[in-house]
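Coordinate inspection notes
Listed here are the chains, written in short residue letters.
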Amino acid sequence: MTPTRPTTSAPGAAEAAASAKTAASTEAAKRAPARAGRREWTALGVLLLPLLLVNMDVSVLYFAVPFISRELAPTATEQLWILDIYGFVLAGLLLTMGVLGDRIGRRKLLLTGATAFGAASLLAAYATSPAMLIAARAALGLGGATLMPSTLALIRNLFHDAKQRATAISIWSAVAVSGVAAGPVLSGLLLEHFWWGSVFLMNLPAMLLLLCLGPFLIPEFKTPGAGRFDWPSSLLSLAAVLPVIYAVKEFAAEGYDPAYVISAVVGVVFAWLFLYRQRTLAHPMLDLALFRRPGFGAALGANLVAMFVMVGFAIFTTQYLQSVLGMSPLRAALWSLVPSLAVGVAAPVCVQLARRINRAYLMAAGFVLAAVGFAVLTRVEAGTPLWGILTGAGIYAMGVASVMTLVTDLVVGTAPPEQAGAASGLLECVQEFGGALGMALLGSVGTAVYRREYSAPSGVPARAADAAGETLSGAVAASGRLPGALGDRVLVTARDAFTHGMQTAALAGIALTLTAAALTAWKLRTVRLPDDEPPSEQVSDESPVGEPTAGKGTADKGTTDRGTTDKGTGADERPTAGRPTAGRPTAGRPTGPGHTEAATPQKA
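Residues numbered from 1 in each chain as written. Predicted model: local features only at pLDDT ≥ 70, side-chain atom pairs only at ≥ 80, totals over all residues. Heavy atoms only, no water.

Points about the overall build of the protein chain
To keep it simple, the criterion reads: Helix and strand assignments come from DSSP, with helices taken as H or I runs of at least 4 residues and strands as E runs of at least 2, each series counted from the N terminus. Contacts were defined at the residue level, with two residues in contact if any of their heavy atoms lie within 4.5 Å. The protein chains shown are the only cover counted for residues, whose accessible areas, like all others here, come from Shrake-Rupley with a 1.4 Å probe.
Along the backbone of the protein chain there are 20 helices and two strands. When contacts within the protein chain are restricted to residue pairs at least 6 apart in sequence, long-range pairs at least 24 apart make up 77% of them. Accessible surface for the protein chain amounts to roughly 25,800 Å². Of this, 64% is attributable to carbon and sulfur atoms.

Points about the confidence of the model for the protein chain
Here is the rule we go by: Scored from 0 to 100, pLDDT reflects the predictor's confidence in each residue.
Taken residue by residue, the protein chain gives an average pLDDT of 78. The fraction at 70 or more is 81%. Element-level mean pLDDT values for the protein chain span from 39 in strand β1 (residues 559–560) up to 93 in helix α15 (residues 359–377). Note that pLDDT drops below 50 for residues 534–604; the model gives that stretch 159 contacts with residues more than four away or on any other chain.

Section: the environment of Gln503
For clarity, the cut-off: Working definition: with a 1.4 Å probe on protein chains only, accessible area under 20% of the residue-type maximum means buried, over 50% means exposed, and in between means partly exposed.
Checked against the element boundaries, Gln503 lands in helix α20 (residues 484–523). Overall, Gln503 belongs to the buried group, its relative accessible area being 16%. Residue contacts for Gln503: discarding those within four places in its chain leaves Leu377, Thr378, Val380 and Glu381.

Some points on the packing of helix α18 (residues 462–470) against helix α19 (residues 472–479)
Which entries qualify depends on this criterion: The axes used here are C-alpha line fits, helices contributing only the stretch in contact, and every angle between their N-to-C directions lies in the interval 0 to 180 degrees. Throughout this entry, Asp, Glu, Lys and Arg are counted as charged residues, while Ala, Val, Leu, Ile, Met, Phe, Trp, Tyr, Cys and Pro are counted as nonpolar. The remaining residues, Gly among them, count as polar.
Interhelical geometry of α18 versus α19 gives an angle of 145° and a closest axis separation of 5 Å. Within the contact between the two elements, α18 uses Ala464, Ala467 and Ala468 and α19 uses Gly474, Ala475 and Ala478. The residue makeup of the contact of α18 with α19, split by class, is five nonpolar, one polar and no charged.

Section: the packing of helix α12 (residues 296–324) against α20
The cut-off we apply is this: Our angle categories are set so that under 35 degrees counts as roughly parallel, over 145 as roughly antiparallel, 65 to 115 as roughly perpendicular, and the remainder as oblique. By convention the crossing between two helices is left-handed if the near helix lies anticlockwise of the far one by an angle smaller than a right angle, and right-handed if it lies clockwise.
Relative to each other, α12 and α20 sit at 165°, their axes nearing to 10 Å. As far as their axial angle goes, α20 and α12 are roughly antiparallel. Here α12 runs over α20; the crossing is left-handed. Here Ala298, Ala302, Val305, Phe308, Val309, Phe313, Phe316, Gln319, Tyr320, Ser323 and Val324 of α12 come into contact with α20, specifically with Arg495, Phe498, Thr499, Gly501, Met502, Ala505, Ala506, Leu512, Thr513, Ala516, Thr520 and Lys523. Of the residues contributing to the contact of α12 with α20, the split by class is 15 nonpolar, six polar and two charged.

Describing the pattern of salt bridges
Definition in use: Any carboxyl oxygen of Asp or Glu within 4 Å of a side-chain nitrogen of Lys or Arg constitutes a salt bridge here.
One pass over the structure, following the stated rule, counts five salt bridges. For Asp161, the salt bridge goes to Arg35, with nearest N and O atoms at 3.4 Å. Remark: Arg35 occurs in the loop between α1 (10–31) and α2 (38–59) and Asp161 occurs in the loop between α6 (130–158) and α7 (162–191); sequence separation between them is 126 residues. The class for Asp161 is buried, based on a relative accessible area of 13%. For Arg451, the salt bridge identified is with Glu470, shortest N-O distance 2.9 Å. You can see Arg451 sitting in helix α17 (residues 420–453) and its partner Glu470 sitting in helix α18, a full 19 residues away along the chain. Residue Glu470 is classed as partly exposed on the basis of its relative accessible area, which comes to 39%.

Side note on the nonpolar core
Heads up, the condition is: Working definition of a nonpolar core: buried Ala, Val, Leu, Ile, Met, Phe, Trp, Tyr and Cys residues. They are joined through side-chain atoms within 4.5 Å.
Ranked by size, the top nonpolar core spans 164 residues in total, and within it Leu133, Phe200, Phe313 and Phe374 carry the most contacts. Among the elements that line this core, the one with the most residues is helix α16 (residues 386–414), at 15 residues. Apart from residues no more than four positions distant in its own chain, Phe374 is found in contact with Val309, Phe313, Tyr396, Ala506, Gly509, Ile510 and Thr513.

With respect to the packing of aromatic side chains
Which entries qualify depends on this criterion: The criterion for an aromatic pair is that two Phe, Tyr or Trp rings (for Trp, the six-membered ring) have centres within 6.5 Å, with stacked assigned to planes under 30 degrees apart, edge-to-face to planes over 60 apart and tilted to the rest.
One pass over the structure, following the stated rule, counts 14 aromatic pairs. Ring geometry for Trp81 against Phe88: centres 5.9 Å apart, planes inclined by 70°, an arrangement best described as edge-to-face. Phe88 sits in the buried class, given a relative accessible area of 5%. A centroid spacing of 5.6 Å and a plane angle of 40° characterise the contact between Tyr126 and Trp195, whose relative ring orientation is tilted.

Observations concerning the environment of Glu78
Relative to the assigned elements, Glu78 resides in helix α4 (residues 76–104). Separated by 55 residues in sequence, Glu78 and Leu133 have C-alpha atoms that sit 9.6 Å apart. In contact with Glu78, other than residues within four places in its own chain, are Pro130 and Ile134.

Details of unusual backbone geometry
Phi at Ala73 takes a positive value of approximately 50°, unusual for a residue other than glycine. Relative to the elements of secondary structure, Ala73 occurs in the loop between α3 (65–72) and α4. Judged by its relative accessible area of 56%, Ala73 is exposed.

Details of the side chain of Thr499
Among the structural elements, Thr499 can be located in helix α20. Not counting chain neighbours up to four residues away, the residues in contact with Thr499 comprise Tyr320, Val380, Glu381 and Ala382.

Re α12
Heads up, the rule is: Expected span, for any helix, means 1.5 Å times one less than how many residues it has.
A rise of 1.5 Å per residue sets the reference length of α12, with its 29 residues, at 42 Å; its end C-alpha atoms lie 42 Å apart and thus fit the reference within 8%. Two residues or fewer after α12 comes Gly326, characterised by a positive phi angle close to 75°.

Focus on the environment of Phe270
Position of Phe270 relative to the elements: it lies in helix α11 (residues 258–280). Distance in space between the C-alpha atoms of Phe270 and Leu238 is 8.8 Å, their sequence separation being 32 residues. Those residues in contact with Phe270 that sit more than four places away from it in its chain are Leu236, Ala239 and Ala240.

Some words on the side chain of Thr384
We apply this condition: Identification of polar contacts relies on pairs of N or O atoms within 3.5 Å, with a donor-acceptor requirement for protein atoms, meaning one able to donate a hydrogen and the other able to accept it, and with residues adjacent in sequence counted only if both atoms are side-chain atoms.
Following the sequence through the fold, Thr384 ends up in the loop between α15 and α16. When its relative accessible area of 17% is taken as the criterion, Thr384 is described as buried. Looking at Thr384, its side chain comes within polar contact range of the main-chain nitrogen of Glu381, at 2.7 Å. Filtering out sequence-adjacent residues up to four positions away, Thr384 remains in contact with Tyr320, Leu325 and Arg379.

Now the structure itself:
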């Protein structure tokens, strides 16, 4: 008699399948990064306050200058330094402070910067001389340089889930862009009721709030084993950035001068020395291997172009509202907030689309949308209604803001967590340089066309004709000193010449954005963050450092989204599947103020 083979019952098979499915889900949950909760989103809100104020301080003095001039009586040179020193120091120290935060602790640097920014604001508000105000503005730039890269790098620590991090970065980008536009509006409103120092005192409540809540809401992170901070490299980076930024800004304001060319060359020489030193150090201030990561350099280039066209064309919009449409400064500042509303819509929308569409194609689409906005602006003339300039400006702002949001997410997600501060500082330094370059070059294009197109009407005195032939603001001032009909003819001619210059700058913007769209789609089309792909496709030896790969333990890569394992140099707050968890926090455990994301826990 042949024995019967035992068979698995249907209920037993179902139980085995269910058990396997549960085990697979549990394993996937262990590998998945912990999602942020109410604490992390509240911390983001606290981080946005200093970000908003640092960007506002770039433009907050636009309306305050006449009041400062009456009370402190600065010379023309001192007035320029009062306006410009903040931006110079900010741009020069962004990279240094981003790297320093990685070494000493990002939260520690953030809180130190908030203290410095608040103290400098108090000093600026009660300055009794131009020199004192210049020194206070320089100190504000120093404090701002510690705050900006720290806020972005800390987002990397607060939000480990890629989708949540992208949403947080979209909010960060919208606030950063809106801050510059909101500065003149808030300062104008304050100056209606208070003295000029109030534009600085409004920084204090936000800094106090950050100092009170930051230690409890924001986790600490620093890179253990990173070596000593290289101060000579910091000085070299400062010597590289400042002369170039100075040359570009002065060229935009004054035109060509051999001294500006020499300044730029000096900056380039120091940049070469800085790069050479980084190649020879065991622990460089800036790890040049970042530029060998897929898409990192191309993303920075896209960000440079985005800031170039956004900041470079903003000056035309402002002048058009004030000098062509005849608005008061405060009314013009209020209307200039309209494009910022478009930015607030575009940033989160593009993040949602990035979950389904290749980032490279979305960035290209953003540049194309910006080109459409510039095409609308080529049709704007002196008699065009207000909605014409606002429509064009809103469309190009939406496109550029989409690109900047996606670039920021790509740069922060691509860089290893232990180098997030350096990547953030580098990204923001590129933004400052792109904005300065845009003002210089697009502004020069508009000025050149204006001077070529303007022809003084007959009967205008030579001195008034010379002033009107230089800039639109000069023409507005000259027309006010001439008899009614003659002054009106000067103003009409100048406004027509200005709009022709603005149209030419818009054509340049179209050429730049369409070129950037093609290059972005080509260079970044194959770049992926690990979280962009389904789990079955994430197993790859080429996954960027700093992101977990599905189906593999992270120990063989040496990294996780929260830092690096004991094979790397950062922190591992989440145990890898199969590894002992003794002495380590468990997955998803909230990071409290007493925990630091380094190799060993530290007290806040």
